[in-house]
Amino acid sequence: MLTRNRFCLLLVGLIIVYWATPLWAIDLEKKVAKARLDNGLTVLMLERKFSPTVSLYIRYRVGAVDEIKGQSGAAHVLEHMMFKGTTTIGTKNYAAEKKLLTQIEQVGQALDNERMQQNKADQKRIKNLASLLKKLQNEHRGYYIPNEIDRLYTENGGLEMNASTGQDVTTYYVNLPANKIELWARIEADRLINPVFREFYTERDVILEERRQSIETNPDGKLYESFMSEAYKVHPYGVPIIGYPQDLTYMSQTAIRHMHRKYLSPENMIIAVVGDINPSKTLKLINQYFGRIPKGNFRPTAIPAEPPQTEERKVEVLFDANPSMIIGYHKPTAPAVEDYVFDVLETILSKGRTSRLYSKLVLQMQIADGISVHNGMPATRYANLFAILARPRHPHTNDELQAAIFRELEILKTHPVTDLELAKAKNQLKMDYVKSLDSNSELASILSYYELLLGDYRYFSNYISHIDKVTAMDIQTAAVKYLAVENRTIAILNKKANEDASTGKNEK
Amino acid sequence: MFCGMIVSGASAAQKFIAPDKLKYPGLDFRIQEAERVLLDNGMVLFYLQNNELPLVSLSALVRTGSLHDPQGKEGLAELTAYMMRTGGTTQLGSADIDQRLDFLAASPSISMSLDSASVYFSFLKSDLDVCLDLLAQILIHPAFEEEKLQTALSLKKEELRRVADNPQKFAFREFNRLLYPSDPRGRYATPSSLKQISRDDLIGFHREYFFPANIILAVSGDISREDAINKIRQYFRHWKDSRQAINIEPPPKEPGHGIFFIRKQIPQSTVVSGEFTLSKNDPDFYAFSVLDFIIGSGGFPSKIFSAVRNNEGLAYSAGSFYRARSNYGVFGTYAFTKTASTFQALHLINSILDDVVAGSISQAELDWAKKSMLNSFIFSFEQPSQIASQQMTIAYEKLPDDYLSGYRKRIEAVTREDLKRVAGKYLNEKRRLTIIVGDTDQFGKLPEKWEQPVFISPQQ
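Each value, and the rule that gives it
Residues numbered from 1 in each chain as written. Chains lettered and ligands numbered in written order. Predicted model: local features only at pLDDT ≥ 70, side-chain atom pairs only at ≥ 80, totals over all residues. Helix = DSSP H or I, 4+ residues; strand = E, 2+ residues; numbered from the N terminus. Expected span 1.5 Å × (residues − 1). Buried ≥ 20, exposed ≤ 12 C-beta atoms within 10 Å, placed from the backbone. Contact = placed C-beta atoms within 7 Å. Domains from an automatic or database assignment. Nonpolar A, V, L, I, M, F, W, Y, C, P; charged D, E, K, R; others polar. Axes fitted to C-alpha atoms, helices over the stretch in contact; angles between N-to-C directions. Left-handed = near helix turned anticlockwise from the far one by under 90°. Pairing = 2+ DSSP bridges. Core = buried A, V, L, I, M, F, W, Y, C linked by C-beta atoms within 7 Å. Parallel < 35°, antiparallel > 145°, perpendicular 65-115°, else oblique.

Next up on the list: helix α13 (residues 384-396) of chain B. The periodicity of an α-helix, 3.6 residues per turn, causes residues three or four positions apart to be oriented the same way. Residues and elements named next belong to chain B. For α13, built from 13 residues, the straight-helix expectation of 18 Å at 1.5 Å per residue is met to within 8% by its first-to-last C-alpha distance of 18 Å. Listing the buried residues of α13 in full gives P384, S385, I387, A388, S389, Q391, M392 and Y396. Packing partners of the buried residues in α13 comprise β2 (44-49), β3 (55-62) and β6 (215-221). Of the residues trailing α13, K398 is marked for its positive phi of about 55°.

As structure tokens, then:
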């Protein structure tokens, strides 16, 4: 049996072998074909032959940060509305339908305007408008074929068809049998150019339910929202993607159209296609459909920078759940050198059972139930956070756990991490990289993400060579500079004292 | 790289062709198969090579499961699996194992479910020997270190403390528990059952279920057939045991039914309901899969989704699920809706099920479901590891040899009459179990035909 010391020596031997074998150097750049259409749209293609399937990603450099103040949630509502069809998909008679949709919007807006008066509102008028809206909506159903985009995709074998809205970027994706790429091009180009926003008011209700599901009833969601709004006082990263309830409740279709106009800039858009494709044929098809989008007149939104934080910030959330916390520090975003350093530090602190925080807090001190570290919260376009998420193990408290985490972070400032820790973290990051090459959708996602946000997908293919350069000294320097008390935001969730939640008749 | 070679010829004014009129090239698709190999010691191995990346994946299924927890020691199966990975081996202490695996950036996961344990391990091909050596030690000679067991027990207790924190997870957990009222499948770990568990129990549980004939392996990736067979033989050669694989447990007899409330002061209710239905080995499995797809697992166009979400705006998440096992199945529905619309959403879902029993599914819906299931079938063969582990699962569940090759033909054969017949046979509100987690005081008047719901409190 090996003792721990001898084992470590053995590992040092292994390190050399690892460095000498460039396992990660799978030459992605030679395989990725990058093209730009005349209108400025960038297309990335990667051929993978194992299965006759393809993963298709479209990303727009439009996200929640691009919203107008008071219209929080608009980017996400737009994403939902993009599934409601086009002038030629989902309609029985668009000319007739259009008139009805205009009426629905007028009545719906009038109803919102009245409701916004709160207790000064005319209840009778609200009742009349609501019943008129209902009548128009029912009439509209006669002209509309719901869920046509979904039907077309699923019926043709599409899987994982969905979209997501982030602070930085909105993404539409689907996996299809490789012979169905034209269906995707047809639907996506059409809904970009000719979307029709149907069922707006019911969809707004759906999104309010989504908010209840992910924030109002979910301790993690609630804590995250409070944390972000404390960490960002000026920059829109502090505003929830799903929107504040008051903005969402009265969201207008005008706000949605405003967001949609930002989509119509091909230079602000990336397509990635990964799978069993013929790149030149695929490009021709993409040009046939997406080439017709005129060049946009993209002007970036002026977004105020978050001023440097000068003192520690704290917020407490009371909720019917056991304690948890988020601690975050402001830092530069990718591709800054510091961002790579924090990727390595994230790994050293939290990946695997021997990582610093897991082994210390969960296994040795036994005061934590779980711990995770996330570099780059909440997104990539602007300066972001290095965040630690942790849950104390009963009877230990948030305060105790917090103090122990701070002690561990202080050690980083005074003592360099060991060679073994550094080597282990780099191995883990390399492994993550290699594994991410094993899936069409993951590749399409990663390539399009970095091409869009950092202007070059090669951030990803060069990633490991940058990680390799990170030293123990870099980590120590970054810890001193960024993991400072005045640069820190802490959000704590504590259990709300309420009456016994289990009282009721027929107790079992 | 080809840049700027595209000449723009199209203009935005151009009309798009109707999507249903698009013509597609043919798809060259043949089902890839993993090879089945029987090793000397009785282990079965499915093998498929793929050299795209320098990775090897290994998965395994073990015939065991938490349904084998002894009465009063609920939680034992899960702890055994967790402790195999974290409690050291007779050759190496737990800290040593953790160090080695973290350095290799590879860690076998061993997880216990109701009726199986599954292992998944993916590593660089250059680490084949060291990884197989560690895995063999973990599977054959776990040490179950006492100190690590105490930590594992404490973490499990903390998990139980937190069980009601997330209402959706909590509702599904209680649904799964109450579905089996007098069956080991419905017995869950509690703080008192955890107190009864000792290291000897773990040793006994491991000895009872972890032996060669009781495990099926799948290996895929950048490894030759000879290497896969010889290396596994080499590291598992001392694992000898004359026992035959244990049999699949008989299905549960008495399903739970009735209406259960769990009070939690939150603005949205989680409504889950369901009942027992047919197994994967039943000839009507295909008809029921299509039925489930149309009712609520086929995405937006499915009935529950379009009624509850699209038409009424009552939920963001709503739908159905069908969990078919080798000798029984569970069908269920769910919706997460604001407190005021709790009963409305449930009523809507139950009336959809009643209508389906009455034969409301149209030919167009059936065609859509069949096309969708047939056309997406190729995604079951997207990755080599998926192909190998899929065949492993089919062997584990003792499904017919032509399960995959005959799948499309059997889906194709499903008719509207089949749907009506299986719906009539298996969907029945009287046999249904319903759980609602939410602000019970604010639900409003109980529907007339209901019995008084039973209030339950979180088991901690």
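Right, let's talk about the domain arrangement of chain A for a bit. Residue and element names in this part refer to chain A. Domain annotation for chain A reports domain 1 (31-90 + 145-290) and domain 2 (313-495). Only β2 (42-47), β3 (53-60), β5 (170-177), α9 (219-231) and β6 (269-275) provide two or more residues apiece to the side of domain 1 that touches domain 2. Considering every element that reaches the side of domain 1 that touches domain 2, the biggest residue donor is α9, with nine residues. Here the residues of the side of domain 1 that touches domain 2 are counted per class, giving 20 nonpolar, nine polar and seven charged.

It is worth spelling out the packing of helix α14 (residues 356-364) of chain A against helix α15 (residues 398-414) of chain A at this point. Residue and element names in this part refer to chain A. Between α14 and α15, the least distance of the axes is 11 Å, while the angle of their chain directions is 145°. The crossing of α14 and α15 is right-handed. Contacts between α14 and α15 involve R356, L357, K360 and L361 from the first element and L401, A404, I405 and E408 from the second. Looking at the contact of α14 with α15 residue by residue, the classes come out as five nonpolar, no polar and three charged.

Attention now goes to the sheet that holds strand β1 (residues 32-36) of chain A. Residue and element names in this part refer to chain A. As summarised here, the arrangement of the six strands in space is β1-β2-β6-β3-β5-β4, forming an open sheet in which the pairing is mixed. At either margin of the open sheet sits one strand with a lone partner, and together these are β1 and β4 (159-165). Strand-to-strand twist in this sheet, taken as the mean axis angle between neighbours without regard to direction, amounts to 15°. Pairing geometry for β4 and β5, over five bridges, is antiparallel. The partner of T165 across the bridge, within β5, is T170. Each of β4 and β5 touches helix α3 (residues 74-81); the most contacted strand, β4, lies at about 155° to it.

Moving on: the nonpolar core. By size, the foremost hydrophobic cluster in this structure holds 185 residues, and its most contacted members are A:L447, B:V290, B:V308, B:A335 and B:I435. Ranked by the residues each element gives to this core, the list is headed by helix α9 (residues 285-297) of chain B, at nine residues. Ignoring any residue separated from it by four or fewer positions in sequence, one finds B:V290 in contact with B:A369, B:K370, B:M373, B:I411, B:V414 and B:L419.

As a further point, take the interface of chain A and chain B. The interface of chain A with chain B comprises 87 residues on the first partner and 84 residues on the second. Taken together, the elements giving at least two residues each to the side of chain A that touches chain B come down to α1 (4-20), β1, α6 (148-155), β5, α7 (181-193), α8 (200-216), α12 (279-290) and α16 (419-436) of chain A. Here the element with the most residues in the side of chain A that touches chain B is α8(A); it accounts for nine residues. Tallied by class, residues from the side of chain A that touches chain B come to 30 nonpolar, 28 polar and 29 charged.

Residue and element names in this part refer to chain B. Taking 1.5 Å per residue as the helical rise, helix α4 (residues 146-161) with its 16 residues ought to reach 22 Å, and the 23 Å between its terminal C-alpha atoms agrees with that figure. When α4 is considered as a whole, its buried residues turn out to be K148, L149, A152 and K157. On its buried face, α4 sits against α1 (76-86), α2 (94-104), α6 (191-195) and α7 (199-209).

Residues and elements named next belong to chain B. In space, the six strands of this open sheet follow the order β1-β2-β6-β3-β5-β4, with mixed pairing throughout. Two strands close off the open sheet at either side, each with one partner strand: β1 (35-38) and β4 (109-112). Neighbour-to-neighbour, the strand axes of this sheet turn through a mean angle of 15°, independent of strand direction. Inspection of the sheet shows β3 paired to β6 by seven bridges, in the antiparallel sense. In the strand pairing of β6, V56 is matched with G221. Helix-sheet contacts for α1 involve β4 and β5 (117-124), and the interaxial angle to β4 is about 175°.

A separate point is the packing of helix α13 (residues 337-350) of chain A against helix α20 (residues 472-482) of chain A. Residues and elements named next belong to chain A. Put simply, α13 and α20 touch, their axes get as near as 10 Å, and they point 100° apart. Considering the angle they form, α13 stands roughly perpendicular to α20. In this structure, α13 uses E338, V341, F342, V344 and L345 to contact α20, whose residues at the interface are D474, I475 and A478. Taken together, the residues of the contact of α13 with α20 sort by class into six nonpolar, no polar and two charged.

Take the domain arrangement of chain B next. Residue and element names in this part refer to chain B. Structurally, chain B comprises domain 1 (35-236) and domain 2 (258-455). Computed from C-alpha coordinates alone, the two centres of domain 1 and domain 2 are separated by 30 Å. Residue-level contacts link 25 residues of domain 1 with 23 residues of domain 2. Secondary-structure elements contributing two or more residues to the side of domain 1 that touches domain 2 are β2, β3, α5 (167-178) and β6. Examining the composition of the side of domain 1 that touches domain 2, we find that eight residues originate from one element, α5, more than from any other. Considered class by class, the residues forming the side of domain 1 that touches domain 2 number 16 nonpolar, seven polar and two charged.

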